[in-house]
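Geometric and topological summary
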Amino acid sequence: MIYGLYLSATGVQANSYRQDVIANNIANADTVGFKRHLAVFQERPTEAQAQGRSDLSDPMLENLGGGFLVSPTMLDTSQGEMETTGNNLDTAIFGKGYFAVDDNGQTKLTRDGEFMLDKDGNLILNNSQGNKVLNSEGKPIQLPGLLASNLQIDKSGQINYQGQPLAQLGVFDVPDQSQLVKQGGNLFDYPNLAKSIKPSESSELRSGFVERANVDPTSEMTQLMETQRQLEANANMIRYQDQSLTRLVNDVGKIG
């Protein structure tokens, strides 16, 4: 019976975690370039299996398993839908690749292509941090004295003014997208980033567009309701088993 309580408790913890992940995805459904998280679980081995001692447990109980374990959250890097904005500095990446920006002196990656010019002519992200966008050489892009409406960005990332090339947007790939780590502000980090990234060869840029979050709110809401039902079912099992234990102690224990 105590083992049943443990299994139900792991179910509550796992589904509570999954609920938080899904809720965060829904909250960012309108965040440009956002990539959804996936809650992943694995079966926990029983104690006898973990120690390699089959003699420590009853073979019938072993078939119940050891409950759930939460695995590291996975990042879904699939392509989001393109949305037109009418802003010629907004740029979406079609295919693989990430823009590089400066984050307090450190290079970070993002799929957010909402760009603007600050008062000094720096190309920055249109966010609260105003991260400077980097060129293909990892340097901030500066376009002083120019109006954003007079600039054009072609599909290779070249920034032009009246047909003359001025700068090249940096678009980079990483060897293993599963190792990307979210840093907040829609930015990603990567182990040993400076030495790991390389110029993207398969991406195509689309000016006047942004990439929407790859979140389907309807699908996420369906999963959220399913997760809530599973959480409640495990919580009910804990309550039922607690009531049975109470009767076992208070009633059966009085016999004789």
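Before going into details, it helps to say that this report is about the structure given with it. Small disclaimer: the values here were computed from a predicted structure and weren't measured.

So, on to the side chain of Gln241. By the element assignment, Gln241 lies in helix H5 (residues 217-250). The buried category is assigned to Gln241, whose relative accessible area is 8%.

Once that is clear, we can look at the environment of Thr85. By the element assignment, Thr85 lies in the loop between strand E5 (82-84) and strand E6 (91-94). Once the C-alpha coordinates of Thr85 and Ser207 are considered, the two residues, 122 residues apart in sequence, prove to be 9.2 Å apart.

Turning to the nonpolar core, a few remarks are in order. In this structure, Phe115, Leu123, Ile141, Ile159 and Leu169 are the most contacted members of the largest nonpolar core, which totals 19 residues. Looking at this core, the elements that each hand over two or more residues are strand E7 (98-103), strand E9 (115-117), strand E10 (123-125) and strand E12 (151-153).

If you check the backbone angles, Asn104 has positive phi at about 55° while not being a glycine. Unusually for a residue other than glycine, Asn186 sits at a positive phi of about 65°. Relative to the helices and strands, Asn186 resides in the loop between strand E16 (181-184) and strand E17 (187-189).

The next thing to look at is the packing of aromatic side chains. One pass over the full model with this rule turns up three aromatic pairs. Between Tyr98 and Phe188 the ring centres are 5.9 Å apart and the planes differ by 70°, which places this aromatic pair in the edge-to-face class. Here Tyr98 is found in strand E7, whereas its partner Phe188 is found in strand E17, with 90 residues between them in sequence. Of the two residues, Tyr98 and Phe188, neither departs from the other in class, the shared state being buried. A centroid spacing of 5.0 Å and a plane angle of 75° characterise the contact between Phe99 and Phe115, whose relative ring orientation is edge-to-face. Placement of the pair is Phe99 in strand E7 and Phe115 in strand E9, with a sequence separation of 16 residues. Above the plane of the ring of Tyr98 lies Arg111, whose end atom (NZ or CZ) is 5.8 Å from the centre. Above the plane of the ring of Phe94 lies Arg206, whose end atom (NZ or CZ) is 4.2 Å from the centre.

Attention now goes to H5. Since the α-helix advances by 3.6 residues per turn, residues separated by three or four positions end up pointing in the same direction. Spanning 34 residues, H5 covers 49 Å between terminal C-alpha atoms, matching the ideal 50 Å at 1.5 Å per step. All buried positions along H5 are accounted for by Glu220, Leu224, Thr227, Leu231, Asn234, Gln241 and Leu245. Each element contacted by the buried residues of H5 is listed here: helix H1 (2-27).

As a further point, take the environment of Leu146. With respect to the helices and strands, Leu146 occurs in the loop between strand E11 (132-133) and E12. When its relative accessible area of 23% is taken as the criterion, Leu146 is described as partly exposed. Separated by 29 residues in sequence, Leu146 and Leu117 place their C-alpha atoms 8.9 Å apart. Not counting chain neighbours up to four residues away, the residues in contact with Leu146 comprise Leu117, Leu151, Tyr161 and Leu166.

Their axes nearest at 8 Å, the elements H1 and H5 cross at an angle of 160°. Looking at the two axes, H1 sits roughly antiparallel to H5. Where H1 crosses over H5, the handedness of that crossing is left-handed. Grouping the constituent residues of the contact of H1 with H5 by class yields 14 nonpolar, 13 polar and four charged.

Turning next to the sheet that holds E12. Strand order across the open sheet formed by three strands is E12-E13-E14, with antiparallel pairing between neighbours. A strand with exactly one partner marks an edge of an open sheet, and here the two such strands are E12 and strand E14 (164-168). Strand-to-strand twist across the sheet, computed as the mean angle between neighbouring axes with direction ignored, equals 30°. Taken together, the four bridges between strand E13 (residues 158-161) and E14 define a ladder with antiparallel strand orientation. The residue bridging Ile159 from the neighbouring strand is Ala167, located in E14.

Thresholds, definitions, all that
Residues numbered from 1 in each chain as written. Predicted model: local features only at pLDDT ≥ 70, side-chain atom pairs only at ≥ 80, totals over all residues. Heavy atoms only, no water. Helix = DSSP H or I, 4+ residues; strand = E, 2+ residues; numbered from the N terminus. Buried < 20%, exposed > 50% of the residue type's maximum accessible area, 1.4 Å probe, protein only. Core = buried A, V, L, I, M, F, W, Y, C linked by side-chain atoms within 4.5 Å. Phe/Tyr/Trp six-rings, centres within 6.5 Å; stacked < 30°, edge-to-face > 60°. Lys NZ or Arg CZ within 6 Å of the ring centre and 35° of its normal. Expected span 1.5 Å × (residues − 1). Contact = heavy atoms within 4.5 Å. Axes fitted to C-alpha atoms, helices over the stretch in contact; angles between N-to-C directions. Parallel < 35°, antiparallel > 145°, perpendicular 65-115°, else oblique. Left-handed = near helix turned anticlockwise from the far one by under 90°. Nonpolar A, V, L, I, M, F, W, Y, C, P; charged D, E, K, R; others polar. Pairing = 2+ DSSP bridges.

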